[in-house]
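Structural overview for review
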Amino acid sequence: MEPGTHTGPSSGPPTPSSGSPTSSSDCPSSCFPAPGSAAPGSHTPGAPATGAPVSGVPAAGASTPGAPPPGASTLNASSPGAPPPSASIPSASGSVPAPGCVPASSHAHGASSHDSSTPSPQAHRAGATSWAAARALAERLGRTAPLAAHRLPLDKALGHALAESVVALTDLPSFDTSAMDGWVVAGPGPWAVREGEGLLAGRRSAGPLPDGQAMRIATGARLPADATAVIRSEHAHCDEARGLLHATREVVPGQDVRPRGQECRSGDELLPMGTVVTPPVLGLAAAAGYDALIAVPRPRVDVLVLGDELLMAGLPREGMIRDALGPMLAPWLRALGAEVCEPRRLGDDAGALRQALLSSDADLVLTTGGTAAGPVDHVHPVLAEIGADLLVDGVSVRPGHPMLLARLPEGRPCLVGLPGNPLAAVSGLLTLAEPLLRGIAGRADQDPYRAPVREEVRGHPRDTRLIPVVHRDDSVVPLHYDGPAMLRGIAAADGLAVVPPGGVRSGTEVEILDLPWASASPWTEGCFT
């Protein structure tokens, strides 16, 4: 791992959003794998068989039209921009070199940084994938190997994605009910009051209600046949001496009645396939008569934290820094709908990394750090050694350029390699891991939305920038502390703005990536904006 990566919040001066778009700690380097394989032994009808080629993703060992011959560099030029939805997205590279070979974009442990086989930053840039193409490829890869659907009881379905649409099994409501406590009446008034406790929710109807009569009724109770309306208790006066009910307001037929089928009719689609099961979804399903739902399991993710310089507790000291990513990534992934085991801290140990990758039974492996070309950056060499298929090797985005996506061999999970710098890792998480997990989990596509920025934002001359923002009224405000090693800005943000190369002027609409939690609090005003 490169010195200085995977750091906590910087102690340096504030970095405004309009500051320098590049950073020495976010220099061009290599990046790696991402997953989307089906659960072992399972296959979803209609989905490609495990190992089938992905549209835009070359099968392991297959050649790609226009790709260099075996033995040549495997980095291809990236797409110049976002492809149309129907277009195939080329991978940023072909297969990783055979075991024992060091990828052209990486160093073996202990190799000199001036090794003649190492490409210059310009050579690496030629292999970087555009930001939009990388996200599209990751989601497409996930959708080619969806997890097998299961029938889940309602109390186990929270957070899963629907594998089938939810169709109403009955009319809702299934009979005419009272919307208020009061009196149910038939015909014009005044009405003779029928004696008794009245009509209660959950009880059978007492038979037809003749014209000119009234009965007490509770909210949710079934209306008797031939009823005209419900009069709220506060809008009626009962003359007990004469046994008559008078309305204090005009009575309109059907008032305060929930008619049968008001919400839906039997057979109506209530929720489409891909909907994430939330508490209200559970309530609707139960109301519609469901005891269980057909849903896709949450993808399982292994998080591997790399780096000998990381401390698990206490203050940074003697060249050691706190691990900022281990505590952050697991809950973030859970918020994205994944099941995450406790992060494993492997240090800078190539053998431990190799064993962890080959033994993982997760749907996705996420690594932090080690994706560049330093003397202890082992991700590329280990992926090459085990014969992984490198799909994205660097993305044209800042921060987070040295992120990568790979498919591990022999039906093993995909791998997303995140840079070690914290905000760069967040960029990799939202660029590759989030769309990949959405595809694996069968979640519905997200419609991108745009919002105007309140001030000018400087951009990188060639790459997309992701900057923390906070929503204010109908626009977004860029936040300071947006360097690749900083978390202060993203901790105060409720979204990331996608800034195109060259930057944007104040008032320009940009795409916004929402963060999976509540919007930021008012304390973000002031030094952050």
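Residues numbered from 1 in each chain as written. Predicted model: local features only at pLDDT ≥ 70, side-chain atom pairs only at ≥ 80, totals over all residues. Heavy atoms only, no water.

With 56 residues, the main nonpolar core has Leu 366 and Leu 405 as its most contacted residues. Considering every element that reaches this core, the biggest residue donor is helix H7 (residues 422-440), with 10 residues. (Core = buried A, V, L, I, M, F, W, Y, C linked by side-chain atoms within 4.5 Å. Buried < 20%, exposed > 50% of the residue type's maximum accessible area, 1.4 Å probe, protein only. Helix = DSSP H or I, 4+ residues; strand = E, 2+ residues; numbered from the N terminus.)

Running from N to C, helix H5 (residues 350-359) and helix H6 (residues 379-386) cross one another at 50°; their axes reach a closest spacing of 10 Å. By the angle between their directions, the pair H5 and H6 is classed as oblique. In the crossing of H5 with H6, the sense of the turn from one axis to the other is right-handed. Across from Ala 350, Leu 353, Arg 354, Leu 357 and Leu 358 in H5, the residues of H6 making contact are Val 379, Val 382, Leu 383, Glu 385 and Ile 386. In terms of residue class, the contact of H5 with H6 is made up of 8 nonpolar, no polar and 2 charged. (Axes fitted to C-alpha atoms, helices over the stretch in contact; angles between N-to-C directions. Parallel < 35°, antiparallel > 145°, perpendicular 65-115°, else oblique. Left-handed = near helix turned anticlockwise from the far one by under 90°. Contact = heavy atoms within 4.5 Å. Nonpolar A, V, L, I, M, F, W, Y, C, P; charged D, E, K, R; others polar.)

This part covers the packing of aromatic side chains. Given two aromatic rings, one states the distance between the centres and the angle between the planes to describe the pair. On inspection of all chains with the given rule, the structure shows 0 aromatic pairs. It is Arg 488 that lies over the ring of Tyr 481; its NZ or CZ is 4.1 Å from the centre. (Phe/Tyr/Trp six-rings, centres within 6.5 Å; stacked < 30°, edge-to-face > 60°. Lys NZ or Arg CZ within 6 Å of the ring centre and 35° of its normal.)

With that settled, consider the side chain of His 235. Inspection of the secondary structure assignment puts His 235 in the loop between strand E9 (229-232) and strand E10 (236-239). With near-sequence residues (within four places) excluded, His 235 lies in contact with His 246, Ala 247, Thr 248 and Arg 249.

Strand order in the open sheet formed by 3 strands is E2-E14-E3, with antiparallel pairing between adjacent strands. Each of the sheet's edge strands pairs with one partner strand only, and the pair in question is strand E2 (150-153) and strand E3 (161-162). By the bridge criterion, 2 bridges tie E3 to strand E14 (residues 292-296) in an arrangement that is antiparallel. By the bridge assignment for E14, Ala 161 is matched with Val 296. (Pairing = 2+ DSSP bridges.)

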